[in-house]
Amino acid sequence: QVQLVESGGGSVQPGGSLGLSCTASGRVFSDLIMGWHRRTSAKRSEFVAQITIATGVPFYGNSVKGRFTISRDTSKNTTYLQMNNLSPDDTGVYYCSASVVGTGTYDYWGQGTQVTVSS
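It should be emphasised that the depicted structure is a prediction, and the values quoted were computed from it without experimental measurement.

Looking at this model, I keep getting lost on the overall build of the chain. Mind explaining?
Secondary structure summary: the chain contains 0 helices and 11 strands in total. Mapped from its N terminus to its C terminus, the chain presents α and β elements in the order β-β-β-β-β-β-β-β-β-β-β. Compactness check: the chain gives a C-alpha radius of gyration of 13 Å against a globular reference of 14 Å for 119 residues, within 12% of the reference. Principal-axis analysis of the C-alpha atoms gives the chain an extent of 40 × 25 × 25 Å. Considering only residue pairs separated by 6 or more positions, the chain has 53% of its internal contacts joining residues 24 or more positions apart. Surface accessibility of the chain: about 5,900 Å² in total, with carbon and sulfur atoms responsible for 49%. The average position of the 9 basic charges and that of the 7 acidic charges among the side chains of the chain differ by 3 Å.

Below you can see the structure in the form of structure tokens.
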């Protein structure tokens, strides 16, 4: 079992920045691919970004590419999502997720944290 604890989020004006973090436990961190997904006001679940912990290679959804940065700190078993140039369309609940390398599925999820972008 992998446990995920998220922190960060909050409210910001359009064009602002926010950061999220997610700390994993219960599994060797380098065995994981850590991801972020979000659920927007349209009730749509959307892939945001992921990072392969062992290599540090990131991958982004098209809607956030160039604005969001995913990173990891292996000494803290923590993944970060830095979100810049936020727009109201980025408003939603952001979920940290974990996939064990080789499984192809995100089997573990955090509790979710609210991000609100509004003037």
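Quick question: what am I supposed to make of the nonpolar core here?
Counting 29 residues, the largest nonpolar core has L4, L32, M34, W36, L81, M83 and Y94 as its most contacted members. Secondary structure elements with two or more residues in this core: strand 3 (18-25), strand 4 (32-40), strand 5 (45-52), strand 7 (68-73), strand 8 (78-83), strand 9 (92-100) and strand 11 (113-117). Not counting chain neighbours up to four residues away, the residues in contact with L81 comprise L18, G19, L20, W36, V48, A49, F68, T69, I70 and Y94.

I would appreciate a short explanation of the pattern of salt bridges in the present structure.
Working definition: two side chains of opposite charge can pair if their charged atoms are close together. In total, this model carries 5 salt bridges according to the counting rule given. Across the pair R27 and D31 runs a salt bridge, and its minimum N-O distance is 3.4 Å. With a relative accessible area of 38%, R27 lands in the partly exposed category. Residue D31 is classed as partly exposed on the basis of its relative accessible area of 29%. The partner of R38 in a salt bridge is D90, with the nearest N and O atoms 2.9 Å apart.

It is not clear to me how the state of the cysteines should be interpreted in this structure. Could you clarify?
Put plainly, two cysteines are in a disulfide when a covalent bond ties their sulfur atoms together. Counting across every chain of the model gives 1 disulfide. Sulfur-sulfur distance for the disulfide between C22 and C96 comes to 2.0 Å. Disulfide C22-C96: torsion about the S-S bond near -80°, hence left-handed. Of this pair, C22 sits in strand 3 while C96 sits in strand 9, and the two are 74 residues apart along the sequence. Look at C22 and you get buried, because its relative accessible area is 0%. Judged by relative accessible area, C96 falls into the buried class, the value being 0%.

Sorry, what's going on with the environment of I53 here?
In this fold, I53 is placed in the loop between strand 5 and strand 6 (58-60). The exposure class assigned to I53 is buried, which follows from its relative accessible area of 1%. I53 sits 19 residues away from R72 along the chain, and the two C-alpha atoms are 7.0 Å apart. The residues contacting I53, other than those within four sequence positions of it, are F29, S30, L32, M34, R72, T74 and T79.

Rules used throughout
- Residues numbered from 1 in each chain as written.
- Predicted model: local features only at pLDDT ≥ 70, side-chain atom pairs only at ≥ 80, totals over all residues.
- Heavy atoms only, no water.
- Helix = DSSP H or I, 4+ residues; strand = E, 2+ residues; numbered from the N terminus.
- Rg over C-alpha atoms; globule rule 2.2 N^0.38 Å.
- Contact = heavy atoms within 4.5 Å.
- Areas by Shrake-Rupley, 256 points an atom, 1.4 Å probe, with all protein chains shown as cover.
- Lys, Arg positive; Asp, Glu negative; His and termini not counted.
- Charge placed at Lys NZ, Arg CZ, Asp CG, Glu CD.
- Core = buried A, V, L, I, M, F, W, Y, C linked by side-chain atoms within 4.5 Å.
- Buried < 20%, exposed > 50% of the residue type's maximum accessible area, 1.4 Å probe, protein only.
- Salt bridge = Lys/Arg side-chain N within 4 Å of Asp/Glu carboxyl O.
- Disulfide = S-S within 2.5 Å.

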